[in-house]
Amino acid sequence: ELLEDLGCTQVQLEELWSLDDDTLQHLQASGEIYGLIFLFQWKGSIARNPNALPEDSVPEGLFFAHQVATNACATQAILSVVLNSKTIDLGPTLSEFKDFTSSFPPSLKGEAISSSEPIKKAHNAFSRTDAFLNDGKYVSSSRGSEDVFHFVAYIPQNNQVYELDGLQTGPIIVG
């Protein structure tokens, strides 16, 4: 629904519990896969990946934004997938946003995400009452613990697979 609220109505998010061959074949048979978003348990701090591309080396046409909002890792991961697709009809709001930010460096793209009223409104409409967000990570209070999680997007582009984690200095080529 977050994407629908932003005018992007032709994509569907699917939750996966497994990455086995049968699951992936079933998913692929149901339509195009634009990317994957993984939910990782946060271990207290992020190690800067030395393989992250420097900010000035982000490939042209790859949407990568630093995460500057402390509560938006899931929204940012979703945007990282859809804004890197060349075939998704983004709708007017996200198309204008993508065009507006296309020449921005990752830090300004992150600022643009956190400053966009339509994105903030859509994000805030899905805030969970049983959770709070802390330093860009999801913290679950309903499980009786303070487990912390972080969302990271993986997308195919130009015959490579990129890890797009806004807490890193740049995208990481993983395949």
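Residues numbered from 1 in each chain as written. Predicted model: local features only at pLDDT ≥ 70, side-chain atom pairs only at ≥ 80, totals over all residues. Heavy atoms only, no water.

Caption draft 1: Representation of the packing of aromatic side chains. This model, assessed by the stated rule, comprises four aromatic pairs. Aromatic side chains Phe-38 and Phe-40 sit 6.0 Å apart centroid to centroid with 20° between the ring planes, which places their arrangement in the stacked category. The exposure class assigned to Phe-38 is partly exposed, which follows from its relative accessible area of 27%. Aromatic pair Phe-38 and Tyr-154: ring centres 5.2 Å apart, planes at 80°, arrangement edge-to-face. With Phe-38 in strand 1 (residues 36-41) and Tyr-154 in strand 4 (residues 147-157), this residue pair connects regions lying 116 residues apart in the sequence. Put simply, the rings of Phe-38, Phe-40 and Tyr-154 pair up and form one aromatic cluster. (Phe/Tyr/Trp six-rings, centres within 6.5 Å; stacked < 30°, edge-to-face > 60°. Buried < 20%, exposed > 50% of the residue type's maximum accessible area, 1.4 Å probe, protein only. Helix = DSSP H or I, 4+ residues; strand = E, 2+ residues; numbered from the N terminus.)

Caption draft 2: Representation of the pattern of salt bridges. Scanning the entire structure with this criterion turns up one salt bridge. Where Glu-117 meets Lys-120, a salt bridge forms, and the shortest distance between an N and an O atom there is 3.0 Å. Of this pair, Glu-117 and Lys-120 both sit in helix 6 (residues 117-124), three residues apart, roughly one helical turn. (Salt bridge = Lys/Arg side-chain N within 4 Å of Asp/Glu carboxyl O.)

Caption draft 3: Up close: the nonpolar core. Counting residues in each nonpolar core, the largest one holds 19 residues, and the members touching the most others are Leu-3, Val-82, Leu-83 and Leu-94. Elements with a contribution of two residues or more to this core: helix 1 (2-5), helix 3 (73-82), helix 4 (91-101), helix 5 (106-115) and helix 6. If sequence neighbours within four positions are ignored, Val-82 has contacts with Leu-3, Val-11, Ile-88, Leu-90 and Leu-94. Leu-62, Ala-77, Ala-153 and Tyr-162 belong to the second largest nonpolar core, which has 10 residues in total. (Core = buried A, V, L, I, M, F, W, Y, C linked by side-chain atoms within 4.5 Å. Contact = heavy atoms within 4.5 Å.)

Caption draft 4: View of the environment of His-66. Looking at the element boundaries, His-66 is found in the loop between strand 1 and helix 3. On the basis of relative accessibility, which here comes to 14%, the residue His-66 falls in the buried class. In this structure the C-alpha to C-alpha distance between His-66 and Asp-165, which are 99 residues apart in sequence, comes to 7.7 Å. For His-66, the contacting residues outside a window of four places in its chain are Glu-55, Gln-76, Pro-106, Ser-107, Gly-110, Gly-166, Gln-168 and Thr-169.

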